[in-house]
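Report on the structure
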Amino acid sequence: ETGVTQSPTHLIKTRGQQVTLRCSSQSGHNTVSWYQQALGQGPQFIFQYYREEENGRGNFPPRFSGLQFPNYSSELNVNALELDDSALYLCASSRRGSLDEQYFGPGTRLTVT
Amino acid sequence: SQQGEEDPQALSIQEGENATMNCSYKTSINNLQWYRQNSGRGLVHLILIRSNEREKHSGRLRVTLDTSKKSSSLLITASRAADTASYFCAFAGGTSYGKLTFGQGTILTVHP
């Protein structure tokens, strides 16, 4: 297992609500990336944080936002939830300058009803 | 939409047999990686091959990379029931620093 943790494990929300997902990086890692994985699909890159700033974003609308804290932990916030936001949300930590090897957490399963 | 494609989508074999999964991509890459995922949980990094490498081994895993054909393959030898999982290729290009693009995965089932 990696040293990356995520909370909560599962979450059920109603359409239109807001949600915050949390991730703690592996020790020594300064970069956090978030991915969305719909059922039966590969993960899709949402965005990445380095030194508390967004460092690249995938094809996701602004209602997906994030934060990185001085201890390199991170939050993913999603506003105005839609049914299609139901997915497994994965965070991954890495060291800047590494060969992009990612260490993934166990994920948060979000269900929007 | 994803820029990586994998085949087959599903593979069913008996214990002891070899399993081969293929991945194709469309962009230039710095490296290509393979990950395993058990039952919709977190991904586990298996192996990374750089763009200037052609083949790499790790235990029962062998990965090849052909940048001229923009393709890679993952071979698992002497498979075990515990290898049952989804396998994903992922790649990073340019100065992506961890912005991985994943294929849609191959579901491998190994029957005891």
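As a reminder, the structure under discussion sits directly above these lines.
This is a predicted model, so every value here is computed, not measured.

Basis of the calculations
Residues numbered from 1 in each chain as written. Chains lettered and ligands numbered in written order. Predicted model: local features only at pLDDT ≥ 70, side-chain atom pairs only at ≥ 80, totals over all residues. Heavy atoms only, no water. Helix = DSSP H or I, 4+ residues; strand = E, 2+ residues; numbered from the N terminus. Rg over C-alpha atoms; globule rule 2.2 N^0.38 Å. Contact = heavy atoms within 4.5 Å. Areas by Shrake-Rupley, 256 points an atom, 1.4 Å probe, with all protein chains shown as cover. Lys, Arg positive; Asp, Glu negative; His and termini not counted. Charge placed at Lys NZ, Arg CZ, Asp CG, Glu CD. Pairing = 2+ DSSP bridges. Axes fitted to C-alpha atoms, helices over the stretch in contact; angles between N-to-C directions. Polar contact = N/O pair within 3.5 Å; in protein donor to acceptor, adjacent residues only side chain to side chain. Buried area = accessible area lost by both parts, 1.4 Å probe. Salt bridge = Lys/Arg side-chain N within 4 Å of Asp/Glu carboxyl O. Disulfide = S-S within 2.5 Å. Buried < 20%, exposed > 50% of the residue type's maximum accessible area, 1.4 Å probe, protein only.

Each helix and strand in chain A was counted, giving 0 helices and 11 strands. When its helices and strands are written in sequence order, chain A yields β-β-β-β-β-β-β-β-β-β-β. Taking 13 Å as the expected radius of gyration for a compact globule of 113 residues, we find that chain A reaches 13 Å, a close match to that expectation. With the C-alpha coordinates aligned to their principal axes, the bounding extent of chain A is approximately 40 × 30 × 25 Å. For chain A, contacts bridging at least 24 residues in sequence account for 53% of all contacts bridging at least 6. Accessible area of chain A: about 5,400 Å², with a carbon and sulfur share of 46%. Seen as two clouds, the 9 positive and the 10 negative side-chain charges of chain A have centres 3 Å apart.

Time to look at the sheet that holds strand β7 (residues 64-68) of chain A. All names here are of chain A. Ordered in space as β1-β3-β8-β7, the 4 strands form an open sheet in which the pairing is antiparallel. Edge positions in the open sheet fall to β1 (5-7) and β7, since each of these has one partner strand only. Looking at each pair of strands side by side, their axes are set apart by 20° on average, direction ignored. Bridge count between strand β3 (residues 19-24) and strand β8 (residues 74-78): 5 bridges; the pairing is antiparallel. Paired with Cys23 across the strands is Ser74, a residue of β8.

Looking at the element boundaries, Asn31(B) is found in strand β4 (residues 31-37). A polar contact is formed between the side chain of Asn31(B) and the side chain of Gln33(B), at a distance of 3.0 Å.

Attention now goes to the interface of chain B and chain A. Interface size is often expressed as the accessible area that is lost when the parts come together. Contacts between the two partners involve 23 residues from chain B and, on the opposite side, 24 residues from chain A. Here chain B meets chain A over a buried area of about 1,800 Å², counting both sides, of which 52% is carbon and sulfur. There are 0 salt bridges connecting chain B and chain A. Taken together, the links from chain B to chain A amount to 5 residue pairs in polar contact (both at pLDDT 80 or more). Listed by contribution, the elements that provide at least two residues to the side of chain B that touches chain A are β4, β5 (43-50) and β9 (85-92) of chain B.

Let us now look at the sheet that holds strand β1 (residues 4-7) of chain B. All names here are of chain B. An order of β1-β3-β8-β7-β6 is seen for the 5 strands of this open sheet, with the pairing classed as antiparallel. At either margin of the open sheet sits one strand with a lone partner, and together these are β1 and β6 (55-58). Adjacent strand axes in the sheet meet at a mean angle of 15° when their direction is disregarded. One ladder, built from 4 bridges, connects β6 with strand β7 (residues 61-66); its direction is antiparallel. Residue Lys56 lies in a different strand from β7, and its bridge partner there is Val63.

In this section: the environment of Ser94(A). Residue and element names in this part refer to chain A. Along the chain, Ser94 turns up in strand β9 (residues 87-94). Distance in space between the C-alpha atoms of Ser94 and Gly28 is 8.4 Å, their sequence separation being 66 residues. What Ser94 contacts, discounting residues up to four positions off in sequence, is His29, Asn30, Thr31, Glu101 and Gln102.

In this section: the state of the cysteines. Residues and elements named next belong to chain B. All told, the structure shown has 2 disulfides over all chains when counted by the stated rule. Covalently, Cys23 is tied to Cys89 through a disulfide, its sulfur atoms 2.0 Å apart. Because the torsion about its S-S bond is 65°, the bridge between Cys23 and Cys89 counts as right-handed. Placement of Cys23 in strand β3 (residues 19-25) and of Cys89 in strand β9 is noted, with a sequence separation of 66 residues between them. For the pair Cys23 and Cys89, one class covers both residues: buried.

Read these as spatial facts, not as claims about activity.
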